[in-house]
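Chain by chain, the residues:
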Amino acid sequence: MKMMGYRFMMIMMVAVAVVEGNEYEYDESLSYSYYHGSCPQLESIIHDKLTHWLKNDSTLAPALINLHFHDCIVKGCDASILLDHDGSERSAAVSKALRGFEVIDDIKAEVEKMCPRTVSCADILTAAARDATVAAGGPFWMVPYGRKDGRISMAKEAQSHVPKGHERVTDLIELFQSKGLNILDLVVLSGAHTIGRSSCGSLQDRLFNYKGIGKTDPSINPKYLNFLRRKCRWASEYVELDGVTPKAFDVQYYKNLQKKMGLLSTDQMLYTDSRTAPLVSAFASQSAEFHHQFAASMLKLGKIQDYFADEDSEIRHKCSCVNA
């Protein structure tokens, strides 16, 4: 057991690279005590509201984690994904399947009653993603607060930044590095696909027209392929990201990749690329390490801030629109 832990640490050390020269940074001005005086009941409000929503619809847990990722990976964690206007990130094609907006709106309305004009939508979304992870069986981590809400949200930025499920591993690594994240974070955060679902439209090419030649992606497990072809006759249908234990926050996602059962090509390629495959293998056999590192990588994701956003930031009264 000690040897396995040592091997895992060595793999992580090799995978982690120092990234310099990008326009995003971790905002170390965030504080765990930021709302202790101005809104001490914040976390209990978020927890209670989220418990209510998830009791009626447990699929909102992975939806909120995904919503948080879409927000942070574009312009940093500034709640720009929540703005609802023509041409916003929310209106982009890549955002079509996003859910959970009404949950954040409900939490924000309650927070405004208790602590008016105090708590940002960005902080609420970040904490909601954490609580959604815990509710799904994942790890807990402390969320530092103090983010501001951005006033700029453009569909073209979401379209160019958010992964669509068919990128090369090199593209994903470069995207993550541009946000100050590394290869370890890429593999770990991809593990969020242990729960949730995807539209069948995201894998139509893999199933019916791989590389435009009318064939099937040969990297898919044959039995899994038969299941997917039956399940995804229509692009508008949905399929579970983890076909074995879709409701459990576990390491089955990584085991699936070892069996050629990754749903998206970006998932499966993590096990065929020499830079990411060792981490996939390590996490497949070490649940505790996955949970620990997932919390650490989500904490890093939630700290991404845009250098140039300060002059265009505020505390929104409503998460779907900028203040008048």
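Residues numbered from 1 in each chain as written. Predicted model: local features only at pLDDT ≥ 70, side-chain atom pairs only at ≥ 80, totals over all residues. Heavy atoms only, no water.

As recorded in an unreviewed UniProt entry, the chain goes by Peroxidase and comes from Rehmannia glutinosa. The record held by UniProt for the chain lists under Function (unreviewed entry) the comment "Removal of H(2)O(2), oxidation of toxic reductants, biosynthesis and degradation of lignin, suberization, auxin catabolism, response to environmental stresses such as wounding, pathogen attack and oxidative stress." Taken from UniProt, the Subcellular location (unreviewed entry) comment for the chain reads in full: "Secreted". (UniProt positions renumbered as here; feature names shortened; annotations may be inferred.)

Chemist: Sorry, what's going on with the packing of aromatic side chains here?
Modeler: Here the structure, examined in full by the defined rule, presents 11 aromatic pairs. On the numbers, 5.1 Å between centres and 75° between planes, the contact of Phe249 with Phe294 is edge-to-face. Note that Phe249 is positioned in the loop between strand E4 (238–240) and helix H11 (252–258) and Phe294 in helix H14 (residues 287–302), a separation of 45 residues in sequence. The exposure class assigned to Phe249 is buried, which follows from its relative accessible area of 6%. Taking the relative accessible area as the measure of exposure, Phe294 reaches 0% and is therefore buried. Taking 5.4 Å as the distance between ring centres and 75° as the angle between the ring planes, the aromatic pair formed by Tyr254 and Phe290 counts as edge-to-face. Residue Tyr254 is found in helix H11, and its partner Phe290 is found in helix H14; the two are separated by 36 residues along the sequence. Side by side, Tyr254 and Phe290 carry an identical accessibility label, which is buried. Positioned above the aromatic ring of Phe101 is the side chain of Arg90, whose terminal nitrogen or guanidinium carbon lies 3.7 Å from the ring centre. Here the guanidinium or amino end of Arg197 rests over the ring plane of Tyr238, the centre of that ring lying 4.0 Å away. (Phe/Tyr/Trp six-rings, centres within 6.5 Å; stacked < 30°, edge-to-face > 60°. Helix = DSSP H or I, 4+ residues; strand = E, 2+ residues; numbered from the N terminus. Buried < 20%, exposed > 50% of the residue type's maximum accessible area, 1.4 Å probe, protein only. Lys NZ or Arg CZ within 6 Å of the ring centre and 35° of its normal.)

Chemist: Teacher, can you tell me more about the pattern of salt bridges here?
Modeler: Pairing is possible between side chains that carry opposite charge, provided their charged atoms lie close to one another. By the definition in use, this model includes 13 salt bridges. Glu314 serves as the salt-bridge partner of Arg151, at 2.7 Å between the closest nitrogen and oxygen. Of the two residues, Arg151 is situated in the loop between strand E2 (149–150) and helix H6 (155–161) and Glu314 in strand E6 (residues 313–314); the sequence distance between them amounts to 163 residues. For Arg151, a relative accessible area of 38% translates into the label partly exposed. For Glu314, a relative accessible area of 13% translates into the label buried. (Salt bridge = Lys/Arg side-chain N within 4 Å of Asp/Glu carboxyl O.)

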